[in-house]
Structures are given as C-alpha cells and as structure tokens.
Amino acid sequence: MNVIRFILQNHTQVLELTLEHLWLVGLSTAFAVLIGVPLGILIAQRPKLNKPVLASANIIQTIPSLALFGFLLPVPWLGERSDRLAILALTLYALLPIIRNTYTGIRGVDAAVVEAGRGMGLTESQLLFQVELPLAVSVILSGVRVAIVISVGLATIAAAIGAGGLGEFIFRGLAMVDDRVILAGAIPAAILALLADLGVGWLERQLRAR
Amino acid sequence: MLVLLGRSGSGKTTTLKLVNRLVTPSSGEIRVNAESNAQVDVIRLRRRIGYVIQDVGLFPHFTVERNIGLVPKVEGWPADRIRDRVQELLHLVGLAPELAARYPQQLSGGQRQRVGVARALAADPEILLMDEPFGALDPLTRDELQREFLSLQQRLHKTVVFVTHDLREALRLGSRIALMEAGKLVTVLAPQEFLKSSDPWASAYVRAFENGDRAGNRGTS
C-alpha cells in the first residue's frame, strides 16, 4: 500500500514520466512499422533478400540494449538529445518482429488465391493491397503487438542515458534502495504494456479479414 | 473446347499458363487471337482471359459478390452495373441470388467452383482457361458441374482450353482432345477418333481407362 500512497503523492511526476514513456514507445513503434512493413513486403517478394534482412534485424536484437544506447551516444546529431537516441534504438529493436511477421503473413497467403488473382489480371499493387495485405493483417499486427510489449520494457532502460520515461523511477529506486520508487516506475510500465497489448488486439479483431 | 489431356507432369498446366503468361516461354511465341501474347500488356491480356483453377482460389475476405465483381471493378465499371452482372452470373451458374452476400468458407465445394466459373466469366472474356476445375469435387457434383458447363458453353460459345487427366471428362467435354506426354504434344483428335486411335499413347490411355472401368464395374456388382 506504501507504493500506492507514493504514486498518489507523486502523481504529477508519475503522469509526466508515463507520457514520456508513451511518447518514446509510440514514436519508435510508428517508425518501426513504417520501415518494417515495407521491408517485410520486399523480402516476401524477393526471397533473395530474405536472409540478409532477417539476419541483420536479428543481430540488432542480440546487442544488449544498454550497450546499444552507449554506442549511439557519441553520434553527433543523435547524441545531442538522448530521447532521439532512445527512439532510434527502440525502433531498431522493434524492427525484427514486425519485419518477420509481415514476411510470414504475406508468404502465408494461400498460393491458389494469389495465383487466381494474378491470373485474372490484377496488377502487382492491386494484388498486394486488395489481397495479400488484408489477408496478412492479423499476423502483421501480432508482430506489432510483440514489438510494443518489448519496447515498453526496453524504454525503461532509456532512462539510463537520460531519455526520461518510467525508467527514471526504477533507476532512482535502485539507487535509493527503495522498493516503492522502483514499483512506481515498474507498475505503470506493466499497465502500459498490458493496455497496449489489449489495444492492438482489439485493432486486430477489427481489421481481421474473414 | 480444346481439352489438354495427359498424366501428371506432362506439361498440361504449364501449357495453359503460357497462354495467360503466368509462365514465360524460354523460346518461341504464343499467339492469342493471332497476336503474339508477349506484345500485349500482360494485365490487359489476362483480363480478357478467364482463369479457373482446381483450388478455385476465391478471395476468402471478400463476399461472393465482390469475388465475382472484382475484375469489373478494377476495370472501372459503375457499381450498379457490377451488381446486375453479378446477379446475372449467379443465375447463369445456377446459384441462388442470396448467396451473393456469403463468404467463400460458407459455401460447399461445388458452390465455390461455380463462383470460380462465374468470376472467370465476369468481364465476358472470349477465352476461358480451366485447370482441372472439377478435379477436387465428389463424383456426383463433378457430373453435375460438367453437365451444366456443357449447356453453359452451348449458350456462350467461348474458346475454352480445359486441362484434365481424366479421359472420361475429356471425352465428355472436349470438341478436340490434345494428348500430352513428357512436355510434348502427342496428338490432337476428336473424341470419337481418340477412342479408335492407333497412336500408342492414346491407346495406352484408352486401355488404362477401360481397365479402370472394368475394375469399377466389378466393384459395384
């Protein structure tokens, strides 16, 4: 109960940091979708690019997040503002599930359906936008869902380089050896992850092709 | 109606796909309506050729109406004309008008293939390519669809290229039967000539067919 009291006493700051957190996650996820979905489509259509693209995304995924933040710190324009840097790093991490699910979703569309569409004279873009993407959308969105949940967790580490977000409480709590402060960051972060998961799940059901 | 007959892997489907350029020839030229099909725009070419495959390939996220009306729609027909055309086609292939609002997975196999035929006919193509369209259906439904397709063809007079490995179907539907073996065209014959042909591949086919028939009769008696 101490935690709740602490959160209530510091509610303006909790709210502020939650919004910062949301901003980091939201913006990076948006970038990751804008980059990842087209890349996924590209490698679904050109199987030769599949291995190198997925391998690169995989390698990025294996870099420890704290190290990646550190590596990027000296980069000129990025290093000036740590939130830019955090957004770039989070975007990179979110890429893999989005690229992979876009690829899997599109490759998973029934070959007979694609052949029929092509045979009846749909152009490649009509085929993509009217057939392949609508049929792959729920697989793609479940990739986005995974990406968001990962980002909410990773974004707490961005506080280590001063990018703000709920990680501030966690690091402060660790320094102060005070569980209340740690939980004041961890609980809202967990709730954010859950809400985002529910939200995308809802979107998935709305968009799901029959 | 030309039937391409042959065993699996004999090149029937490839031949069919050469016509609408789903397969590109490594050499030579394919003429469609006396015009090399490599010269015309591939999208235009395909929209003038109806295409029906065994797996039907209906768009699962579209209703029957949108499935049938897709080519007219991308061709820019007005909505009311598409609606009328869909109703006309449903009637033509023997489906009830209220099926227009259904989704493919709510239909039986036979109904799906009827929708497949209706979709291929939507923009009134001169040529129809059919790749074992009735192959996955049960014998009764297949018989029904073959019969209806014959009477449909008597009204529509399309140029049809029909792929099958079933001699009975070939004899029933074809005005000419083109026998293929190992990627080569063996012979082209009228159904009656086919049964009497001295060509070794043709007679082998007829023999296998008769054997199958006898075995079938023994089974039922």
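Structure shown above.
What counts and what doesn't
- Residues numbered from 1 in each chain as written.
- Chains lettered and ligands numbered in written order.
- Predicted model: local features only at pLDDT ≥ 70, side-chain atom pairs only at ≥ 80, totals over all residues.
- Helix = DSSP H or I, 4+ residues; strand = E, 2+ residues; numbered from the N terminus.
- Rg over C-alpha atoms; globule rule 2.2 N^0.38 Å.
- Contact = placed C-beta atoms within 7 Å.
- Buried ≥ 20, exposed ≤ 12 C-beta atoms within 10 Å, placed from the backbone.
- Pairing = 2+ DSSP bridges.
- Axes fitted to C-alpha atoms, helices over the stretch in contact; angles between N-to-C directions.
- Nonpolar A, V, L, I, M, F, W, Y, C, P; charged D, E, K, R; others polar.
- Core = buried A, V, L, I, M, F, W, Y, C linked by C-beta atoms within 7 Å.
- Parallel < 35°, antiparallel > 145°, perpendicular 65-115°, else oblique.
- Left-handed = near helix turned anticlockwise from the far one by under 90°.
- Expected span 1.5 Å × (residues − 1).
- Arc of directions from axis to C-beta.
- Right-handed = clockwise from strand over helix to strand, strands pointing away.

1. Structural notes on the overall build of chain B
Part 1: Helices and strands together make up the secondary structure of chain B, namely 9 helices and 8 strands.
Part 2: In terms of C-alpha radius of gyration, chain B reaches 18 Å, essentially the compact-globule figure of 17 Å for 221 residues.
Part 3: Principal-axis analysis of the C-alpha atoms gives chain B an extent of 55 × 50 × 30 Å.
Part 4: Of the contacts made within chain B by residues no fewer than 6 positions apart, 66% connect residues no fewer than 24 positions apart.

2. Topic: the overall build of chain A
Part 1: A tally of regular secondary structure across chain A gives 10 helices and 0 strands.
Part 2: Each helix and strand of chain A, placed in order from N terminus to C terminus, yields the pattern α-α-α-α-α-α-α-α-α-α.
Part 3: Dimensions of chain A, computed from the C-alpha atoms along their principal axes, are close to 65 × 40 × 25 Å.
Part 4: In chain A, which comprises 210 residues, the proportion classed as buried is 41%.
Part 5: When contacts within chain A are restricted to residue pairs at least 6 apart in sequence, long-range pairs at least 24 apart make up 74% of them.

3. Looking at the sheet that holds strand E7 (residues 176-181) of chain B
Residues and elements named next belong to chain B.
Part 1: Reading across the sheet, the 6 strands line up as E4-E5-E6-E1-E7-E8 and stay open at both edges, with mixed pairing between neighbours. With partners counted over all chains shown, the strands left at the sheet margins are strand E4 (49-53) and strand E8 (184-189), one partner each. Going across the sheet, the axis of each strand differs from the next one's by a mean of 15°, ignoring polarity.
Part 2: Each of E4 and strand E5 (127-131) is contacted by helix H5 (residues 109-121), which is oriented at about 165° to E4, the strand it contacts most.

4. Focus: unusual backbone geometry
Part 1: One non-glycine residue with positive phi stands out, namely Val-177 of chain A, at about 50°.
Part 2: Topologically, Val-177 of chain A is positioned in the loop between helix H9 (167-176) and helix H10 (179-207).
Part 3: The phi angle at Ala-182 of chain B is positive, at roughly 50°, despite the residue not being glycine.
Part 4: By secondary structure assignment, the location of Ala-182 of chain B is in the loop between E7 and E8.

5. Considerations on the interface of chain A and chain B
Part 1: Residue-level contacts link 16 residues of chain A with 16 residues of chain B.
Part 2: For the side of chain A that touches chain B, the elements supplying multiple residues, two or more each, are helix H7 (111-119) and helix H8 (124-155) of chain A.
Part 3: Considering every element that reaches the side of chain A that touches chain B, the biggest residue donor is H7 of chain A, with 6 residues.
Part 4: Residues belonging to the side of chain A that touches chain B are distributed by class as follows: 9 nonpolar, 4 polar and 3 charged.

6. So, the nonpolar core
General note: in soluble globular proteins, nonpolar side chains tend to be found buried as a group.
Part 1: Residues Ala-86, Leu-90 and Ile-98 of chain A together with Leu-4, Leu-5 and Ala-118 of chain B are the most contacted members of the largest nonpolar core, which totals 105 residues.
Part 2: Per element, the largest residue contribution to this core is 14 residues, and it comes from helix H6 (residues 82-107) of chain A.

7. Digging into the packing of helix H2 (residues 11-45) of chain A against H10 of chain A
Pairs of packed helices are described in terms of their axes, by the angle between the two and the distance that separates them.
Residue and element names in this part refer to chain A.
Part 1: Direction vectors running N to C along H2 and H10 enclose 45°, while the axes themselves pass 11 Å from each other. Taken together, the axes of H2 and H10 lie oblique to each other. With respect to the hand of their crossing, H2 and H10 are arranged in right-handed fashion. Packed against H2, whose contacting residues are Val-14, Thr-18, His-21 and Leu-22, the element H10 presents Ala-184, Pro-188, Ala-189 and Leu-192 at the interface.
Part 2: For the contact of H2 with H10, the residue count by class is 6 nonpolar, 2 polar and no charged.

8. Overview of H9 of chain A
Residue and element names in this part refer to chain A.
Part 1: All of the buried residues in H9 are Gly-167, Glu-168, Phe-169 and Ile-170.
Part 2: The secondary structure elements touched by the buried residues of H9 are H2, H8 and H10.
Part 3: Backbone geometry just downstream of H9 places Val-177 in the positive-phi region, at approximately 50°.

9. Let's talk about the pairing of E8 of chain B
Part 1: As judged from the 5 bridges shared by E7 of chain B and E8 of chain B, these two strands associate in the antiparallel manner. Within E8 of chain B, the residue paired with Glu-181 of chain B across the bridge is Lys-184 of chain B.

10. A closer look at helix H6 (residues 139-156) of chain B
Residues and elements named next belong to chain B.
Part 1: With 18 residues, H6 extends 25 Å between its outermost C-alpha atoms, agreeing within 8% with the 26 Å of an ideal straight helix rising 1.5 Å per residue.
Part 2: Where H6 is concerned, the buried positions are Arg-142, Leu-145 and Phe-149. For H6, the angular spread of the buried residues around the axis is 65°, confining them to a single face. The exposed set on the far side of H6, more than 90 degrees from its buried face, consists of Leu-140, Arg-147, Leu-150, Ser-151, Gln-154 and Arg-155.
Part 3: The secondary structure elements touched by the buried residues of H6 are H5.
Part 4: Looking one or two places after H6, you find His-157, whose phi comes out positive at around 50°.

11. What about the pairing of strand E6 (residues 159-164) of chain B?
Residues and elements named next belong to chain B.
Part 1: When you tally the buried positions in E6, you get 5 out of 6 residues, the bulk of the element.
Part 2: Here 4 bridges tie strand E1 (residues 2-6) to E6, and the two strands are oriented parallel to one another. Note on E6: the bridge partner recorded for Val-3 is Phe-162.
Part 3: Relative to E6, E5 runs parallel, the two being bridged by 5 bridges. Each residue of the ladder has a partner; that of Ile-127, found in E6, is Thr-159.
Part 4: On the question of chirality, the crossover connecting E5 to the parallel E6 by way of H6 is right-handed.

12. Remarks on the environment of Ile-161 of chain A
Residues and elements named next belong to chain A.
Part 1: Looking at the secondary structure, you find Ile-161 in the loop between H8 and H9.
Part 2: Here Ile-161 falls in the partly exposed class, since 19 other C-beta atoms lie within 10 Å of it.
Part 3: Taking C-alpha positions, Ile-161 is 23 Å from His-11, a pair spaced 150 residues apart along the chain.
Part 4: Not counting residues up to four positions away in its chain, the partners in contact with Ile-161 are Phe-69, Leu-73, Ser-82, Leu-85 and Ala-86.

Geometry only, nothing functional implied.
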